[in-house]
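# Analysis of the macromolecular model
The primary structure of each chain is shown beneath.
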Amino acid sequence: MESTLKAFRDGESVLDLSPRSTVSGGVEDVYGEDQASEDQLVTPWTFSVASGYSLLRDPQYNKGLAFTEKERDAHYLRGLLPPTVSTQQLQEKKLMNGIRQYEVPLQKYVAMMDLQERNERLFYKLLVDNVEELLPVVYTPTVGEACQKYGSIFRRPQGLYISLKEKGKILEVLKNWPERSIQVIVVTDGERILGLGDLGCQGMGIPVGKLALYTALGGVRPSACLPITIDVGTNNEQLLKDEFYIGLRQKRATGQEYYDLLHEFMTAVKQNYGEKVLVQFEDFANHNAFELLAKYGTTHLVFNDDIQGTASVVLAGVVAALKLIGGTLADHTFLFLGAGEAGTGIAELIALEMSKQTKTPVEETRKKIWLVDSKGLIVSSRKNSLQHFKKPWAHEHEPVDSLINAVKVIKPTVLIGSSGVGKTFTKEVIEAMTSNNDKPLILALSNPTSQSECTAEEAYQWSEGRAIFASGSPFDPIEYKGKVYLSGQANNAYIFPGFGLGLVMSGAIRVHDDMLLAASESLAKQVSDENYKKGLIYPPFSDIRKISANIAASVAAKAYELGLATRLPRPQNLVKYAESCMYTPVYRNYR
């Protein structure tokens, strides 16, 4: 991936540590929240000591009925609460019972967002303890519907909105955010939300959801997370005509006007938060995503989850699947449907891992990977008309017009869908994959569920139960001919929370491809024999905090090895250090 991006940078690498930037800034845990054990007393600081009615309205410190008798006296809460003193566990049980009563996923989403706005620790306790049940609610697929209806369900701001109106004032806008010690920013411009297209300002649901997972799954404390939406307009006519739309009512800005605003934003971020703040680009359109990653990769700590996070989680699944389908990475032939930022990012990381394992130049290993876009197989005769990020995949071959014909000609062992178009892995395609392979590996990655290339049921039925299947959105277990099949979910949530924690805890100042490979290898190693027996190529999400700690340790180790870490000296046991840095949502006892 770095080799592709270097072409944009005139050969400059992230390891060159551009003289245009210097190591500065960074943030600290001022009040010792990360280090405080659950039984240590902490003071609920805001701008002053929070007490009384203001304490009950502060989501960071509010505990509701869990305030003890002593705390109610000390913080002027007498009479402001009913007399019962509850436990956090009982509150959790009550709320989960309530959430399970809702039949519509969006109602569950709104209930969770309401909880986050009034009691932060209880929100994260629910999410950590019920991650497999609630992950589809706060993230894919429900977050897609939430973004589509964000104007109608908007209650209060959960992040920063930076529009063209703020041009020239972005640094001032950043200073309006109440928290100063920011470690992770997730930013979107709303142009390509999941597989739903341009949702403009309403794409804010994505950064909010991602950062909730950074905390719940990766342990980055909530006060260090900042969701941001860059609003440059939208080309979605339906939204522009919607009276409840909350964004700029104009066509999307492009070209110099767009890049000037983004440059001001990136400059202001570093100026306000320092060199070590992670900026995660989320759901930008292809043409901007690659440009921004290439432009700022050598001067900022930047990460694109759609290009790099997706690639890392899919590579982990492929590496793990080798135990089920046999052979080494280099023994397999890969065919992609979709040649956008996700598809080319995954392809490049697979080629890099193959290159690392075989000690062969990446230009050679790319030849084992083929991509199909809307015009058919990407081949050398199309090179002049291809976008720059597709050109490395234009191999020598006669033109092939469709996916089914590509499957028949290329005879891939692995089929990966990142097209954003549902129902494209047809019965004919799956049957052709099965006729060529004893155990075809089929990954239908597009989100949300409606955009998945095929369902789990279709994959297992059409392959007569022989497929090894994983998808981007979750599917229920499938029974076929008396056997129950469990499908894995190639969810970026396996990678980015632990990846971000690894960067933060090592004080990394750049992201390098070797860190992505380290994260993939770490995730693949955590698939157990018991998981393999069920046909799974990913570990269960119930273990995600442990998984994230191991990924963080691997990423941090690579940052130290590459000379990109600034938090010195290096901790002796990085896994234990990662676990010690992780935020826990258990209530604190107040003085």
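The shown structure was predicted, so the numbers you read here are calculated from the model rather than taken from an experiment. (Residues numbered from 1 in each chain as written. Predicted model: local features only at pLDDT ≥ 70, side-chain atom pairs only at ≥ 80, totals over all residues. Heavy atoms only, no water.)

### Regarding the overall build of the protein
The condition is simple: A helix here means a DSSP run of H or I that spans at least four residues, while a strand means a run of E at least two residues long, and both kinds are numbered starting from the N terminus. Only C-alpha atoms enter the radius of gyration, while the globule expectation follows 2.2 Å times N to the 0.38, with N the number of residues. Accessibility here uses a 1.4 Å probe with only protein chains present; expressed as a share of the type maximum, an area under 20% marks a residue as buried, one over 50% as exposed, and anything in between as partly exposed. Only heavy atoms enter the contact rule, under which two residues are in contact if any of them lie within 4.5 Å. All accessible areas in this document rest on Shrake-Rupley with a 1.4 Å probe, and a residue is counted as covered only by the protein chains that are shown. The convention is simple: Lys and Arg are positive, Asp and Glu are negative, and His and the chain ends are not counted. Lys charges are placed at NZ, Arg charges at CZ, Asp charges at CG and Glu charges at CD.
Within the protein, the secondary structure is distributed over 25 helices and 16 strands. In terms of overall dimensions, the protein is globule-like: its C-alpha atoms have a radius of gyration of 24 Å, near the 25 Å expected for 591 residues. Once the C-alpha set of the protein is aligned to its principal axes, its extents read approximately 80 × 60 × 60 Å. Within the protein, buried positions represent 62% of all 591 residues. Nonlocal contacts in the protein, meaning residues at least 24 apart in sequence, comprise 73% of its contacts between residues at least 6 apart. Accessible surface, the protein: about 23,400 Å² in total, of which carbon and sulfur atoms supply 50%. Averaging the coordinates of the 64 positive side-chain charges in the protein and doing the same for the 69 negative ones gives two points 2 Å apart.

### With respect to the environment of Ser312
What counts is decided by this rule: Each polar contact in these results corresponds to two N or O atoms within 3.5 Å; when the atoms are within protein, one needs to be able to donate a hydrogen and the other to accept it, and residues that are neighboring in sequence are counted only if both atoms are side-chain atoms.
Secondary-structure assignment places Ser312 in helix H15 (residues 305-325). When neighbours within four sequence positions are excluded, Ser312 is seen to be in contact with Leu349, Ile495, Leu516, Ala519 and Ser520. Within the local environment of Ser312, its side chain forms a polar contact with the backbone oxygen of Leu516, the two atoms lying 3.1 Å apart.

### Examining the packing of aromatic side chains
Keep this limit in mind: Under the pairing criterion, centres of Phe, Tyr and Trp rings, with the six-membered ring standing for Trp, must be within 6.5 Å; the plane angle then separates stacked pairs below 30 degrees from edge-to-face pairs above 60, leaving the rest tilted. Counting as a charge over the ring demands two things of the Lys NZ or Arg CZ atom: a distance within 6 Å of the ring centre and an angle within 35 degrees of the ring normal.
Within this structure, the stated rule accounts for 16 aromatic pairs. Taking 5.2 Å as the distance between ring centres and 90° as the angle between the ring planes, the aromatic pair formed by Tyr258 and Tyr259 counts as edge-to-face. Centre to centre, the rings of Tyr460 and Tyr485 are 4.7 Å apart; their planes meet at 25°, and the pair counts as stacked. Taken together, the positions of Tyr460 in helix H20 (residues 456-462) and Tyr485 in strand S14 (residues 483-485) put the pair 25 residues apart, joining distant regions of the chain. Taken individually, Tyr460 and Tyr485 each receive the classification buried, so the pair is uniform in this respect. The ring of Tyr590 is capped by Lys63, whose NZ or CZ atom sits 4.8 Å from the centre of that ring. Its end group placed over the ring of Trp393, Arg366 keeps NZ or CZ at 5.8 Å from the ring centre.

### So, the sheet that holds strand S5 (residues 278-281)
Keep this limit in mind: A pair of strands is labelled paired if DSSP reports no fewer than 2 bridges between them. Lines fitted to the C-alpha atoms define the axes, with helices restricted to the stretch that makes contact. Angles between their N-to-C directions range from 0 to 180 degrees.
Read from one edge to the other, the open sheet built from five strands follows the order S2-S4-S3-S5-S6, with strand pairing classed as parallel. Since the sheet does not close on itself, it has two edges, and those belong to strand S2 (160-163) and strand S6 (301-304), each with one partner. Between one strand axis and the next, the sheet turns through 25° on average, direction left out of account. Direction of pairing for strand S3 (residues 184-188) relative to strand S4 (residues 225-231): parallel, over a ladder of five bridges. Across the sheet, Val184 pairs through a bridge with Cys225, a residue of S4.

### Some details on the state of the cysteines
How we decide: Any two cysteine sulfur atoms within 2.5 Å of one another count as a disulfide.
Per the stated rule, a full pass over the model turns up zero disulfides. Between Cys147, a cysteine without a disulfide, and Cys201, which holds the nearest cysteine sulfur, the sulfur-to-sulfur distance is 11 Å. The buried category is assigned to Cys201, whose relative accessible area is 3%.

### Let's talk about empty space enclosed by the protein
To keep it simple, the criterion reads: Buriedness of a pocket was judged along seven lines, with at least five required to meet protein on both sides within 12 Å; pockets are open sets of points on a 1 Å grid over the protein atoms alone, cavities are sets where a 1.4 Å probe fits but cannot get out, and lining residues have an atom within 4 Å of a point. Grid points are joined across faces, edges and corners, and a volume is the space filled by probe spheres set on the points. Asp, Glu, Lys and Arg are counted as charged, while Ala, Val, Leu, Ile, Met, Phe, Trp, Tyr, Cys and Pro are counted as nonpolar; the rest, among them Gly, fall into the polar class.
All told, the structure shown has four cavities of 30 Å³ or more when counted by the stated rule. Along its surface, the largest cavity is lined by Tyr109, Val110, Met113, Asp114, Glu117, Tyr150, Ile153, Phe154, Arg155, Arg156 and Gln158. Sorting the residues of the lining of the largest cavity by element identifies helix H5 (105-118) and helix H9 (150-153) as the ones contributing at least two each. Of all the elements, H5 adds the most residues to the lining of the largest cavity, at five residues. Taken together, the residues that form the lining of the largest cavity break down as six nonpolar, one polar and four charged.

### Section: the sheet that holds strand S8 (residues 369-373)
One key point about sheets: their strands pair by backbone hydrogen bonds, in either a parallel or an antiparallel sense. What the seven strands build is an open sheet, ordered S9-S8-S7-S10-S11-S12-S15; its pairing is mixed. Looking at which strands have only one partner, the edges of the open sheet turn out to be strand S9 (376-377) and strand S15 (488-489). Both strand S7 (residues 334-337) and S8 contribute to a ladder of four bridges, which runs parallel. The residue bridging Leu337 from the neighbouring strand is Val372, located in S8.

### Points about the packing of helix H4 (residues 88-101) against helix H6 (residues 120-129)
To keep things clear, this is the line we draw: Should an angle lie under 35 degrees it is considered roughly parallel, over 145 roughly antiparallel, and from 65 to 115 roughly perpendicular; all remaining angles are considered oblique.
Where H4 meets H6, the closest approach of the two axes is 10 Å, and the angle between their N-to-C directions is 70°. Taken together, H4 and H6 sit at an angle that is classed as roughly perpendicular. Residues Gln88, Gln91, Glu92, Leu95, Met96 and Ile99 of H4 form the contact with H6, whose own contacting residues are Arg121, Leu122, Lys125, Leu126 and Asp129. Here the contact of H4 with H6 is composed, by residue class, of five nonpolar, two polar and four charged.

### With respect to the pairing of strand S12 (residues 468-471)
Note the threshold: When the strands point away from the viewer, a crossover counts as right-handed if the route from the first strand across the helix to the second turns clockwise.
Neither face of S12 is open: one carries Ile468 and Ala470, the other Phe469 and Ser471, and all of them are buried. Across four bridges, strand S11 (residues 441-444) lies against S12 in parallel orientation. Among the inter-strand pairings, Ile442 is bridged to a residue of S12, identified as Phe469. Following the backbone out of S11, through H20 and into the adjacent parallel S12, one traces a crossover that is right-handed. Sheet analysis places S12 next to S15, joined by two bridges and oriented parallel.

### Details of the pattern of salt bridges
For clarity, the cut-off: Salt bridge, as used here, is a side-chain nitrogen of Lys or Arg placed within 4 Å of a carboxyl oxygen of Asp or Glu.
Within this structure, the stated rule accounts for 28 salt bridges. For Glu69, the salt bridge is made with Arg78, and the minimal N-O distance between the two is 2.6 Å. Look at Glu69 and you get partly exposed, because its relative accessible area is 38%. In this structure Arg78 comes out as partly exposed when scored by relative accessible area, which is 46%.

### Things to note about unusual backbone geometry
In this structure, Pro141 follows Thr140 across a cis peptide bond, with omega equal to 5°. For Pro141, the location among the structural elements is in the loop between helix H7 (131-138) and helix H8 (142-148). Cis geometry is found at the peptide bond from Asn447 to Pro448, where omega equals -10°. Structurally, the position occupied by Pro448 is in the loop between S11 and H20. Backbone geometry places Tyr76, a non-glycine residue, at a positive phi of 60°. Counting through the fold element by element, Tyr76 comes out in the loop between helix H3 (69-74) and H4. A positive phi angle, near 55°, is found at Glu464, a position not held by glycine. Mapping Glu464 onto the fold places it in the loop between H20 and S12.

Scope: geometric values only; no functional claims are made or implied.
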